[in-house]
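In case you want the letters, here they are:
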Amino acid sequence: MRQFLDFEKPIADLEAKIEELRQMLEPGSINITDEVAKLTEKADRQLRATYAKLTPWQKTQVARHEDRPKALDYIGALITEFSPLAGDRAFAEDAAIVGGLGRFEGRPVMVLGTEKGSETESRVRHNFGSAKPEGYRKARRLIELAGRFGLPVLTFVDTSGAFPGIDAEARGQAEAIARSIEACLAAPIPIVATIIGEGGSGGAIALATGDRVLMLEHAVYSVISPEGCASILWRDAGQAATAAEALRLTAADLKALHLIDTVVAEPLGGAHREPAEAMSAVGLAIAQALQPLLNLSPAMLRGQRREKFLAMGREGLV
Amino acid sequence: MSWLTEYVRPRIRTLLGHRPDVPDNLWSQCPACQQMIFTKELERSQRVCEHCGHHMRGTALERLDWTFDEDSFTRIELPRAPADPLGFRDQKRYAERLREARAKTGLEDALVVAHGTIGGQRAVVAAMEFGFMGGSMGAAVGEGLVASARLAVLQRAPLVVFTASGGARMQEGAVSLMQMPRTTIAAMLLREARLPFVVVLTDPTTGGVTASFAMLGDIQIAEPGALIGFAGARVIEQTVHETLPEGFQRAEYLHAHGIVDMVVRRSEMRETLARLLGLLQPYDGEAAAENPGQPAKAPPEPASSPA
Ligand SMILES: [Zn+2]
């Protein structure tokens, strides 16, 4: 069954009614077919109208939608011969960050993603997409491995943030994230990062310091969650919608601020309505982003990547 | 590199500008042991409690005084960064918060940079100002750190950074997040130039600052008792529903967990830095390989050694 968000209530009601009528539908009952067609059109209009003007807070909810395709879905759809690699070689394997070798459009690549999981069991297994130091150390290891074999790195970012835990702190969460960012910046190979859902702060940038950064239309990317920001600056987590507005965390905002390169349009009603369509659009966008990077020398790649990030926050550029 | 002509030149005006927050009170109270301390005495002791040894927070300008050899340093003007890129407002406008922080601290933003000598050796020092919006890192702090790294490379001098920050500056949204890769680049500039990068973590250093340049030093030093971590204690408690261990996220805890090299008392900071910088001379690997047995550059005599 489809999961509806609060603001999708009118659409949910219409679709429920359509479903009800369909159940009643007997062959040849023209009246009802007519009614179904009318309602379907109305639901479609409603959906179009709602998604044309999603607020930042609504987008945050869409970005977190349970049915939204996750990193492993993208890997399944876009990568062949996927061969998962595990562990940081020091402490543990962290399933919150998935990664491995595979082929993208026939070309060998390294893939990395923060995986939230898609039902209770896998969510727990992937720690809801919140990685620990061993996850970021694995990411760094795989980026360096990719560099040694000239493999482009594709990342799929979807995390509410790095895991805030006692053990994570004890093992150097901050250092692990910093080293992952550093590995991205030092990589002699192209990195194309895609924010597919939630781009949550340091835990996201650790895998998103790429030559090209793509972002889905309804994904969000910010330094702090709207709830976190609201509870600190408004002293009231209930002000999350206001904070989401102020943070300018939508794909359109980040594009306007020159912090990302490309906004990938989503199917009507969000990626969760038509996952296959959404994932193939992302595949196309990645291919386009990757193509011009393939012929650049390691020095060129590193230099351009560095300049790209150095430019963010220089006067006149934002 | 046009930035050099623009802001490496010191501006006397800003150097002699007002010293922030010198308390009028004759007596101060130690927040750790509650004992009263003569304020003048506290300044002489670099804000370390004479009763219990508690290290109180210092200002960025005090850091420069405490770190460089006497009268040896010159502050540089930092490049401008876009102010208020998001047009942010919470219960107050960010522009207004900036104005207040500037008036309160006498600084443009939460970072000051200077060059001078430490134990007779040239060094660039960047110090964060916690009193400026909690030392939070936005575009100006990021730009300042990159500038400090470039200055160090230009002068073939080591960079010492004193951190004091609650993390990223929320009011700059994703722009502040991008300061993590930007300041990581600053650390990489030093590494590529084979120049020492020393980080001194002071109370408190958390969030996006720890998860970028502050954890990338060749040598990581922490002040006693300093709170250092990625996530906030309250967030951790709410997430894991466990009581935090004694001394969690304190300098000594980080040392025990292998995250910092040493915990150094403020009274010993300058001589420790001088010693480390003396041992870590800029190194040119290629030249050294061509002249085996010969250091690339004659290491200077330690300033403190007897004649
Ligand atoms: Zn005391």
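Every chain begins its residue count from 1, and numbering advances along the sequence as written. To read the labels, note that chains go from A and ligands from 1, taken in the order they are written. Confidence filtering applies because this is a predicted model: local features only for residues at pLDDT of at least 70, side-chain atom pairs given and counted only at 80 or more, and all residues used for totals across whole chains, interfaces and linings.

**Q** Even after reading the chapter, I still don't get the overall build of chain A, so can you show me in this structure?
**A** If you tally the helices and strands in chain A, you get 14 helices and eight strands. Over its C-alpha atoms chain A spans a radius of gyration of 21 Å, differing by no more than 12% from the 20 Å that the globule rule assigns to 318 residues. On the principal axes, the C-alpha backbone points of chain A span a range of 70 × 50 × 45 Å. A total of 318 residues make up chain A; the buried ones form 51% of that total. Restricting to contacts in chain A with at least 6 residues of sequence separation, those with at least 24 account for 70%. Put simply, DSSP H or I for four residues or longer makes a helix, DSSP E for two residues or longer makes a strand, and each gets a number counted from the N terminus. Computation of the radius of gyration draws on C-alpha atoms alone. For the globule rule, the value is 2.2 Å times the number of residues to the power 0.38. Exposed residues have 12 or fewer other C-beta atoms within 10 Å of their own C-beta, buried residues have 20 or more, and partly exposed residues fall in between, where C-beta atoms are placed from the backbone. Think of it this way: build a C-beta for each residue from its backbone, and any pair within 7 Å is a contact.

**Q** Sorry if this is basic, but what is going on with the overall build of chain B here?
**A** A tally of helices and strands in chain B yields 12 helices and 10 strands. Within the span of chain B, comprising 307 residues, buried residues form 47% of the whole. For chain B, the proportion of contacts with a sequence separation of at least 24, taken over those separated by at least 6, is 70%.

**Q** Hey, could you run me through the interface of chain B and chain A in this one?
**A** Every contact between the two is made by 48 residues of chain B and, on the other side, 43 residues of chain A. Elements that contribute at least two residues to the side of chain B that touches chain A include exactly α6 (139-155), α7 (173-177), α8 (179-192) and α9 (233-240) of chain B. Each residue receives one of three labels: charged for Asp, Glu, Lys and Arg, nonpolar for Ala, Val, Leu, Ile, Met, Phe, Trp, Tyr, Cys and Pro, and polar for the others, Gly being one of them. Tallied by class, residues from the side of chain B that touches chain A come to 29 nonpolar, 13 polar and six charged.

**Q** Just checking my understanding: could you explain the environment of A:Lys308 for this structure?
**A** Mapped onto the elements, A:Lys308 comes out in helix α14 (residues 298-311). As for A:Lys308 and A:Gln173, which are separated by 135 residues in sequence, their C-alpha atoms are 26 Å apart.

**Q** Quick question: what am I supposed to make of helix α11 (residues 269-279) of chain B here?
**A** Owing to its 3.6 residues per turn, the α-helix aligns residues three or four sequence positions apart on the same side. Turning to α11(B), its buried residues number three or more, namely B:Met269, B:Leu273, B:Ala274, B:Leu276 and B:Leu277. Summarising the contacts, the buried residues of α11(B) are in contact with α4 (60-67), β4 (111-118), β5 (121-128), β6 (159-165), β7 (197-206) and β8 (219-222) of chain B.

**Q** I'm lost on helix α9 (residues 201-208) of chain A in this one. Help?
**A** Summarising burial for α9(A): eight of the eight residues are buried, a large majority. What α9(A) keeps buried is the set A:Ser201, A:Gly202, A:Gly203, A:Ala204, A:Ile205, A:Ala206, A:Leu207 and A:Ala208.

**Q** So what exactly am I meant to see when it comes to the environment of B:Ile76 here?
**A** All names here are of chain B. Mapped onto the secondary structure, isoleucine 76 falls in the loop between β3 (74-75) and α5 (94-105). Judged by the 23 C-beta atoms lying within 10 Å of it, isoleucine 76 is buried. Distance in space between the C-alpha atoms of isoleucine 76 and leucine 111 is 11 Å, their sequence separation being 35 residues.

**Q** I'm lost on the pairing of strand β5 (residues 191-200) of chain A in this one. Help?
**A** For a regular strand, side chains alternate in direction, first toward one face of the sheet and then toward the other. Residues and elements named next belong to chain A. Where burial is concerned, most of β5 is hidden: 10 out of the 10 residues are buried. Two strands are said to pair when DSSP picks up at least two bridges between them. Relative to strand β6 (residues 212-216), β5 runs parallel, the two being bridged by four bridges. Counted as the bridge partner of alanine 193 is valine 213 from β6. With strands facing away from the observer, any crossover in which the path from the first strand over the helix to the second runs clockwise is taken as right-handed. Where the polypeptide runs from β5 across α9 and back to β6, its parallel neighbour, the crossover connection is right-handed. The sheet contact formed by β5 and strand β7 (residues 220-222) spans three bridges and is parallel.

**Q** Whenever I open this one, the nonpolar core confuses me. Can you help?
**A** Soluble globular proteins tend to pack their nonpolar side chains together in the buried interior. Buried Ala, Val, Leu, Ile, Met, Phe, Trp, Tyr and Cys residues whose C-beta atoms connect them within 7 Å together make up a nonpolar core. A:Val153, A:Met215, B:Leu159 and B:Ala174 are the most contacted members of the largest nonpolar core, which has 171 residues in total. Beyond its immediate sequence surroundings of up to four residues, B:Leu159 is in contact with B:Val124, B:Ala126, B:Ser148, B:Ala149, B:Ala152, B:Leu190, B:Leu195 and B:Phe197.

**Q** Explain the confidence of the model for chain B to me, please; I cannot follow it from the model alone.
**A** Residue and element names in this part refer to chain B. Across chain B, the average pLDDT comes to 89, with 86% of residues at or above 70. Residue range residues 1-18 is modelled with pLDDT below 50. Its contacts to residues more than four positions away, or to other chains, number 18 contacts. If you check the scores for this complex, the pTM reads 0.92 and the ipTM reads 0.95. What pLDDT reports is the predictor's confidence in each residue, on a scale of 0 through 100.

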